[in-house]
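Secondary and tertiary structure notes
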Amino acid sequence: MKIPGAILWEPGTRSGWSVEEIELDPPKFREATVKLAASGICHSDDHLDTGDIPLGWAPILGGHEGAGVVTEVGEGVTDLEVGDHVVLSFLPSCGHCRMCVSGRSNMCDLGAGVLAGRAPDGTHRIHARGQGVGAMSYLGTFAPYVTVPVDAIVKIDKDIPLDKAALIGCGVPTGWGSSVYAAEMQLGDTVVIFGVGGVGMNAVQGARHRGAKNIIAVDPEPYKREMAPKFGATHTAADAEEAAKLVADMTNGQGADRVIVTVGVAYGDIIEPAQAMTRRGGTLVLTSAAPVTQRDVKIDLFTFAMSGKRLQGTLYGTTNSRTDIPLLTDLYRRGQLNLDDLITRTYDLEDINTAFDDLREGKNIRGVIIYPN
Ligand SMILES: NC(=O)c1ccc[n+]([C@@H]2O[C@H](COP(=O)([O-])OP(=O)(O)OC[C@H]3O[C@@H](n4cnc5c(N)ncnc54)[C@H](O)[C@@H]3O)[C@@H](O)[C@H]2O)c1
Ligand SMILES: [Zn+2]
Ligand SMILES: [Zn+2]
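Read on for an overview of the structure. (Residues numbered from 1 in each chain as written. Chains lettered and ligands numbered in written order. Predicted model: local features only at pLDDT ≥ 70, side-chain atom pairs only at ≥ 80, totals over all residues. Heavy atoms only, no water.)

**Thoughts on the side chain of D219**
Put simply, the rule reads: Where helices and strands are cited, they refer to DSSP runs of H or I of at least four residues and of E of at least two residues respectively, numbered from the N terminus. Relative accessibility under 20% of the residue-type maximum defines a buried residue, over 50% an exposed one, and the middle range a partly exposed one, all with a 1.4 Å probe and only protein chains included. Charge assignment: positive for Lys and Arg, negative for Asp and Glu; neither His nor the chain ends contribute. Criterion for a salt bridge: a side-chain nitrogen of Lys or Arg within 4 Å of a carboxyl oxygen of Asp or Glu. Pairing of N or O atoms within 3.5 Å defines a polar contact, subject to two protein rules: one partner must be a possible hydrogen donor and the other a possible acceptor, and residues neighboring in sequence count only if both atoms are side-chain atoms. In what follows, residue pairs with any heavy atoms lying within 4.5 Å of each other are defined as contacts.
Counting through the fold element by element, D219 comes out in the loop between β12 (214-218) and α6 (222-231). One buried charge, D219, has no salt-bridge partner; the nearest side chain with opposite charge is K224, at 5.0 Å. Within the structure, the side chain of D219 is placed 3.0 Å from the backbone nitrogen of E221, a separation counted as a polar contact. Dropping the residues within four chain positions of it, D219 is found in contact with G195, V196, G197, K224, R225, A237 and A238.

What follows is the structure, given as structure tokens:
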């Protein structure tokens, strides 16, 4: 079918997204076509445009945070039918690789191909200007329809509004899981969260969910600090220095139990102040993507080792999409997860470059593209 889509023809050059006609193929074996209700604007797509995540190939249809309704299923699809409501998972889960069967489906073998630009069978589902177009995370949600592997599709109940559900494809589980699973948040903890955008605000919610006592949201943008208490932040700070003072006061100089880094772009110099405010035996979680050329990290190694701290990376907040996506929809239904206030502005697909300008200027918790019914 012919539909509009937002493509980067020259990733890494900050040339922005070109909205133009694309041709989307019908589903092949174990694939389905989904009519999207909405797509979130996650910082990870911006990394493709800036080159922080270099692709080495082009063109790419962006977008990896979406939800919608199944319109067609391919051969071999037994677990989905037309009309099902679904969230697309930005990391697929095959269900039978070593990582999947050991409860780490965020690191499924299929994840190796999410930035390779082709469907798992090595072919393209999207075409434009007479050539194949890759899709971000096998998805490409910057178009009103997607044809994707069933391994990236998670069925949800029909009472969950699909525009809100879209955020459960990346930002919500990544942030929430960074607190709940990666940081192993405990009741009564003092936690610092660096960067409270679409991902970090959900780390705040995860900390609240686990009963953290003090939740300090650090962000240079005043708007983010204003919004953070809505999601459970008990304190805010504009920078690391201000946060360190708060932590010292709250913990009698002991340090924060957990520190989580969810800033837009991670550079090596964020680690030292973050580890310095982590208590002995505490955990520092790095969720943010760094530019792939970022190899130098400043850290007081002696203190880090001798105080038994842990530096923990996390992909998708260490969640398992098939169990955590339905869980998060249920928490929303019960009023224990705020999705409504995450969406601060909506856009038409044609205005996608404005949406990314707004992301860079810190104007949104999450900007969301809404597709016509
Ligand atoms: N690990 C994963 O699986 C995964 C998944 C999704 C996104 N990400 C990454 O998470 C990061 C956050 O994504 P997002 O969509 O929330 O971005 P965002 O732009 O919505 O939010 C980032 C926030 O960080 C703030 N910030 C920037 N520099 C800061 C600093 N030095 N100290 C404190 N705050 C600072 C910004 O003001 C902004 O509010 C990105 O790097 C993204 O690529 C990782
Ligand atoms: Zn994302
Ligand atoms: Zn797998």
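**Regarding the coordination of the zinc ion (ligand 2)**
Ideal values for angles at a metal depend on the geometry: 109.5 degrees with four tetrahedral donors, 90 or 180 degrees with six octahedral donors. For clarity, the cut-off: Shown as donors are all N, O and S atoms within 2.8 Å of a metal ion, widened to 3.2 Å for Na, K and Ca; because water is not in the atom set, sites may appear incomplete.
Within the protein, C42 (SG), H64 (NE2) and C170 (SG) serve as the donor atoms for the zinc ion (ligand 2), at 2.0 to 2.3 Å. Ordering the donors of the zinc ion (ligand 2) by residue number gives the pattern C-x21-H-x105-C. In this pair, C42 is assigned in the loop between β3 (31-40) and α1 (43-50) and C170 in the loop between α3 (162-165) and α4 (171-182), connecting sequence segments 128 residues apart. Both residues of the pair, C42 and C170, belong to the buried class.

**Considerations on the packing of aromatic side chains**
To keep things clear, this is the line we draw: Stacked, tilted and edge-to-face are the three classes assigned to paired rings of Phe, Tyr and Trp, where Trp is represented by its six-membered ring and a pair needs centres within 6.5 Å; plane angles under 30 degrees give stacked, over 60 edge-to-face, the rest tilted.
Under the definition given, this model contains five aromatic pairs. Ring plane angle 75° and centroid distance 5.9 Å describe the contact between F142 and F356, whose orientation is recorded as edge-to-face. Taken together, the residues F142 in the loop between β8 (131-135) and β9 (145-149) and F356 in helix α11 (residues 352-360) connect sequence positions 214 residues apart. Taking the relative accessible area as the measure of exposure, F356 reaches 2% and is therefore buried. Ring geometry for W176 against Y181: centres 5.9 Å apart, planes inclined by 80°, an arrangement best described as edge-to-face.

**Section: the site of ligand 1**
Here is the rule we go by: We call a residue near a molecule or strand when any one of its heavy atoms sits within 4 Å of it. Three classes are used, and their members are as follows: Ala, Val, Leu, Ile, Met, Phe, Trp, Tyr, Cys and Pro are nonpolar, Asp, Glu, Lys and Arg are charged, and the others, Gly among them, are polar. These domain limits were set by an automatic method or by a database of domain assignments.
Taken together, the neighbourhood of ligand 1 is formed by 27 residues, with H43, D219, G264, Y316 and R366 sitting nearest. Between an oxygen atom of ligand 1 and a side-chain N or O atom of K224, the distance comes to 2.8 Å. At 2.9 Å from a nitrogen atom of ligand 1 is found a main-chain nitrogen or oxygen belonging to T314. Examining the composition of the shell around ligand 1, we find that three residues originate from one element, α1, more than from any other. Among the residues forming the shell around ligand 1, the class breakdown is 11 nonpolar, 12 polar and four charged. Shared between two domains, the shell around ligand 1 holds at least three residues of each, these being domain 1 (2-169 + 339-370) and domain 2 (175-315).

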